[in-house]
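A closer look at the structure
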Amino acid sequence: MDATAILSAIACDEQALGFMEHVTRHVSSVQDYVLQLLLEANAGTDYFQRHGLHGIPTKEEFRRLLPITTYSDMEADFQRLADGDESKTICAARVLEMLTRKAPYASRGKSLQFFYVRKPGITSGGVTTTSGLSGYFTSPAFRQRKLDPESGYTSPDQVILCVDYQQASYCHLLCGLTQSQEVVSIGAAFASTLVRSLKALKDLWQELCVDIETGRVNDNIVSDLSVKHAVNALLKPDPKLAALVRRECSKSNWRGIVRRLWPRARIIQAIVTGSMQQYVPAIDFFSDGLPIASSIYASSECSTLGVNLSPVCSPYDVRYSPFPCFVYYEFLPVSSSSSSSPSRDDLVQLAEVELGREYELVITTRAGLYRYRVGDVLKVVGFKNSMPQFSFVGRAGVLLSVDTDKTDEVELHTAVTTAAAVMAKRNRGDVRLLDYTSRVNLSSQPGHYVVYWELSLDAAMESMEAELRKCCSVMEESLSVVYRRNRREGSVGALEIKVVEPGTFDRIVDHVVFVGQGSIGQYKTPRCARDPAVLRILESSVVESSRAR
């Protein structure tokens, strides 16, 4: 890089830092300006008129007249758009695409990213529906981006855009291995996706070594012609690299396999907040402690909602800054959000949140979401100047309930991880929890919680049933006072843990993708399993179970 380029980069950095200082010091005024722009842009929409907003609404009219909304409140409007209605339903601009629910620090070099897209849907009105991640990768912004042969992704676009997960996963690994000396970062959208992709290496390394050695992709695995041609164009016979991969992958200990195969990798990139936090130990195991960058807080409702200003901090200390210029933010105190019909008077503005309190996020966007409950619970953990910083707590709402007990995602996650830590300590780290989900069993009285665990066993466990019974007790002690009271009084039965065979949660992902309910890249294990097909997979895979006394 020459002196002119360096000076230009410094100037850009200084400009960005100056902008950040300005918006974080003037949160209230910037938010007022953002709201004014949103209201001006969408003046005259059907939605505004239905709620008595005519002309360009004022901030006071917005706060007084527009209700708090959820997906069900907006569903009829969304359906009109999906059916091709081109009137000003909820926003002035024409809707061309609808997203469905679901650049950190590194040295100069390439990034092995396990990105997966799903086949887009088309509504009866001709509107494309897709996941947020898939929407970006199929957009002109991605397809027409400027390519740098010394950086960018190890996988060609044809692999990233491949809708067949098995082919895409294999090719991501193959392309990443053949360019192993250029890879400086490895990641995926979510930690769960990254762990699943790295686990796939255990099953595929022998076939991958053959392809590396011959310089040709396996025709039995990759059948998509565009993918095959793109990958073959990158390959050349490399027996030396194939021998290295064989030597490392054939070892019984896979700790640090990422460092051994990609020696220049300096960072892991993935979202590790909320329920994704449980995958941090597995990532640490595979990477031998490489820093994990969880750089953005995003959603399908509004792309980027927050930025982690310290992207390589501990994954347990991630805090997001919701820049006031992104959207118009409001917050519903958790005590109010638990109500079936919270009042608009309960909402507080971005500049009004209090340190230490938890809130459900509510946003208003240019695309026509007004006072929309995203469903995420955030906790105020600090401030950057006058801008609050949040940790991601989890999804709003109750997961499990038998009687008056109400266990949410955060409480369940805490109980599970506490019990798993006890089990790992008692077994000298030879047992690790890979994934979990739960349900309520009401087929017998009293009803009880059932938690499904998938474990990684590096050594035989002397008494699985006894260990699980101990974990059941630890979990129950970690649950709420109300739950423990109900257990003592007999209105809730003893908690049950069922261990499922290895690969069960991968089969669940395969099922969800096969029936079109989600994409690999954005799939997150539901912490309460309600789908009958998913429950059948879980129950048919149980290898051991035990209940608290």
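The preceding data block contains the structure.
A brief report on the enclosed structure follows.

Calculation criteria
- Residues numbered from 1 in each chain as written.
- Predicted model: local features only at pLDDT ≥ 70, side-chain atom pairs only at ≥ 80, totals over all residues.
- Heavy atoms only, no water.
- Helix = DSSP H or I, 4+ residues; strand = E, 2+ residues; numbered from the N terminus.
- Rg over C-alpha atoms; globule rule 2.2 N^0.38 Å.
- Buried < 20%, exposed > 50% of the residue type's maximum accessible area, 1.4 Å probe, protein only.
- Areas by Shrake-Rupley, 256 points an atom, 1.4 Å probe, with all protein chains shown as cover.
- Lys, Arg positive; Asp, Glu negative; His and termini not counted.
- Charge placed at Lys NZ, Arg CZ, Asp CG, Glu CD.
- 1 Å grid on protein atoms, 1.4 Å probe; cavity = no way out; pocket = protein on both sides within 12 Å on 5 of 7 lines; lining within 4 Å.
- Points joined across faces, edges and corners; volume = space filled by probe spheres on them.
- Nonpolar A, V, L, I, M, F, W, Y, C, P; charged D, E, K, R; others polar.
- Phe/Tyr/Trp six-rings, centres within 6.5 Å; stacked < 30°, edge-to-face > 60°.
- Pairing = 2+ DSSP bridges.
- Polar contact = N/O pair within 3.5 Å; in protein donor to acceptor, adjacent residues only side chain to side chain.
- Contact = heavy atoms within 4.5 Å.
- Salt bridge = Lys/Arg side-chain N within 4 Å of Asp/Glu carboxyl O.
- Axes fitted to C-alpha atoms, helices over the stretch in contact; angles between N-to-C directions.
- Core = buried A, V, L, I, M, F, W, Y, C linked by side-chain atoms within 4.5 Å.

Further remarks concern the overall build of the protein. The number of helices and strands found in the protein is 20 helices and 20 strands. Computed over C-alpha atoms, the radius of gyration of the protein comes to 25 Å, within 12% of the 24 Å expected from 2.2 N^0.38 for 549 residues, which places it in the range of a compact globule. Dimensions of the protein along its principal axes, counting C-alpha atoms only, are 75 × 70 × 50 Å. Burial statistics for the protein: of 549 residues in total, 51% are counted as buried. Accessible surface computed for the protein: about 25000 Å², of which carbon and sulfur atoms make up 52%. Of the side chains in the protein, 61 bear a positive and 63 a negative charge, and the two mean positions are spaced by 3 Å.

For the rest of this paragraph, the subject is the layout of surface pockets. Roughly 690 Å³ of volume is contained in the second largest pocket. Contributing to the lining of the second largest pocket are 31 residues, with Lys199, Glu454, Pro502, Gly503 and Asp506 lying nearest its centre. Sorting the residues of the lining of the second largest pocket by element identifies helix H9 (165-178), helix H10 (191-214), helix H14 (280-287), strand E17 (431-441), strand E18 (448-457), strand E19 (496-500) and helix H19 (504-514) as the ones contributing at least two each. Residue contributions to the lining of the second largest pocket peak at 7 residues, all from H10. Looking at the lining of the second largest pocket, its residues break down into 16 nonpolar, 6 polar and 9 charged.

Inspection of every chain in the model, using the stated rule, returns 14 aromatic pairs. On the basis of an interplanar angle of 85 degrees and a centroid distance of 5.7 Å, the ring pair of Phe62 and Tyr328 is categorised as edge-to-face. Each member of the pair Phe62 and Tyr328 is classed as buried. Taken together, a centroid distance of 5.4 Å and an interplanar angle of 45 degrees make the contact between Tyr71 and Phe78 tilted. Judged by its relative accessible area of 12%, Phe78 is buried.

Moving on to the sheet that holds strand E10 (residues 328-333). The strand order E11-E10-E12-E13-E14 describes an open sheet built from 5 strands, whose pairing is antiparallel. In this open sheet, the two edge strands, each paired with only one partner strand, are strand E11 (348-349) and strand E14 (387-395). Note: E10 against E11, 2 bridges, orientation antiparallel. Bridged to Glu330 within E11 is Gln349.

The next thing to look at is the side chain of Asp435. By the secondary structure assignment, Asp435 is in strand E17. Among the polar contacts made by the side chain of Asp435, one reaches the side chain of Thr525 at a distance of 3.1 Å. Polar contacts involving the side chain of Asp435 include one to the side chain of Arg527, which spans 3.0 Å. Not counting residues within four places of it along the chain, the set of residues in contact with Asp435 comprises Gln278, Tyr279, Tyr452, Trp453, Glu454, Phe505, Thr525 and Arg527.

As a further point, take the pairing of strand E8 (residues 296-299). Alternating positions in E8 separate cleanly, Tyr297 and Ser299 being buried on one face and Ile296 and Ala298 remaining unburied on the opposite face. Both E8 and strand E9 (residues 303-307) contribute to a ladder of 4 bridges, which runs antiparallel. Counterpart to Tyr297 in the pairing with E9 is Gly306. Remark: 3 residues form the turn of the hairpin made by E8 and E9, two consecutive strands paired antiparallel.

Under the defined criterion, the tally for this structure stands at 26 salt bridges. Between Glu182 and Lys110 there is a salt bridge whose closest N-O contact spans 3.8 Å. Of this pair, Glu182 sits in the loop between H9 and strand E5 (183-190) while Lys110 sits in strand E2 (residues 110-113); the two residues are 72 residues apart in sequence, bridging distant segments of the chain. Ionic pairing is found between Arg196 and Asp506, a salt bridge with its closest N-O pair at 3.0 Å. Highlighted residues: Arg196 in helix H10 and Asp506 in helix H19, separated in sequence by 310 residues. A relative accessible area of 24% places Asp506 in the partly exposed class. Salt bridges here are not isolated pairs; linked through shared partners, they connect Arg196, Lys199, Glu454, Asp506 and Asp510.

Turning our attention to the sheet that holds E17. Across the sheet, 4 strands lie side by side as E17-E18-E19-E20; this open sheet has mixed pairing. The sheet is open, and its two edges are formed by E17 and strand E20 (542-547), each paired on a single side. On average, each strand axis in the sheet is tilted by 25 degrees relative to the strand beside it, whichever way the strands run. Relative to E18, E17 is paired through 10 bridges, and the arrangement is antiparallel. Note on E18: the bridge partner recorded for Arg439 is Val450.

Looking now at the nonpolar core. Within the largest apolar cluster, 76 residues are counted, with the highest numbers of intra-cluster contacts made by Ile186, Leu201, Val231 and Trp262. With 11 residues, H10 is the largest single contributor of residues to this core. Sequence-distant contacts of Leu201, defined by excluding residues within four places in its chain, comprise Leu173, Leu177, Leu208, Trp254, Leu261 and Trp262. Core analysis: the next-biggest nonpolar cluster, separate from the first, contains 43 residues, Phe323, Val374, Val380 and Phe392 among them.

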